[in-house]
Amino acid sequence: MENSTVVSAQDLLMDIKALIKEHYFGTFTNDGQALHLVFNNGQRFELKIKCID
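Per-chain numbering applies: the sequence of each chain, read as written, is numbered from 1 onward. In view of the model being predicted, local features appear only for residues whose pLDDT reaches at least 70, and side-chain atom pairs are presented and counted only at 80 or more, with totals across whole chains, interfaces and linings using the full set of residues. Only hydrogens and water are set aside when side-chain values are computed; all heavy atoms of the structure are taken into account.

Student: What should I look at first to understand the overall build of the protein in this one?
Tutor: Assigned secondary structure in the protein consists of 1 helix and 3 strands. Strands are runs of DSSP state E lasting at least two residues, helices are runs of H or I lasting at least four, and both sets are numbered from the N terminus onward. Seen in sequence order, the protein has helices and strands lined up from the N terminus as α-β-β-β. In terms of C-alpha radius of gyration, the protein reaches 13 Å, well past the compact-globule figure of 10 Å for 53 residues. The principal-axis extents of the C-alpha atoms in the protein amount to approximately 45 × 20 × 15 Å. Buried residues are those whose accessible area, probed at 1.4 Å on protein chains only, stays under 20% of the maximum for their type, while exposed residues exceed 50% and partly exposed ones sit between those limits. In the protein, which comprises 53 residues, the proportion classed as buried is 15%. Per-residue accessibility takes into account occlusion by the displayed protein chains alone, with areas from the Shrake-Rupley method and a 1.4 Å probe. Accessible surface computed for the protein: about 4,700 Å², of which carbon and sulfur atoms make up 53%. This count recognises Lys and Arg as positive and Asp and Glu as negative, with His and chain-terminal groups excluded. Charged side chains are reduced to one point each, which is NZ for Lys, CZ for Arg, CG for Asp and CD for Glu. The averaged location of the 7 negative side-chain charges in the protein is 11 Å from the averaged location of its 5 positive side-chain charges. Taken over C-alpha atoms, the radius of gyration is set against a globule rule of 2.2 Å times the number of residues to the power 0.38.

Student: Teacher, can you tell me more about the pairing of strand β2 (residues 35-39) here?
Tutor: The two faces of a sheet get side chains in turn, since along a regular strand they alternate between them. Here β2 shows one buried face, formed by L35, L37 and F39, and one open face, formed by H36 and V38. Between any two strands, pairing holds if DSSP finds at least two bridges. Of the pairings in the sheet, the one linking strand β1 (residues 26-30) to β2 comprises 5 bridges and is antiparallel in character. Within β2, the position partnered with T27 by the bridge is V38. Where β1 folds back on β2, the antiparallel hairpin that results is connected by 4 residues, among which G32 adopts a positive phi of roughly 90 degrees. Across 4 bridges, the pairing between β2 and strand β3 (residues 44-47) is antiparallel. Counted as the bridge partner of H36 is E46 from β3.

Next up, the structure:
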């Protein structure tokens, strides 16, 4: 079964942000290129998604 819906990297990043916010406490910001996470314990992460096709 083939799905013709095209998902952008930004759309996918926003969906991942919503899922992460359900399970973790912290600050979540998006600069258009990456999702930046700062958890309440001081840990910091940057998530980037890029289409490889």
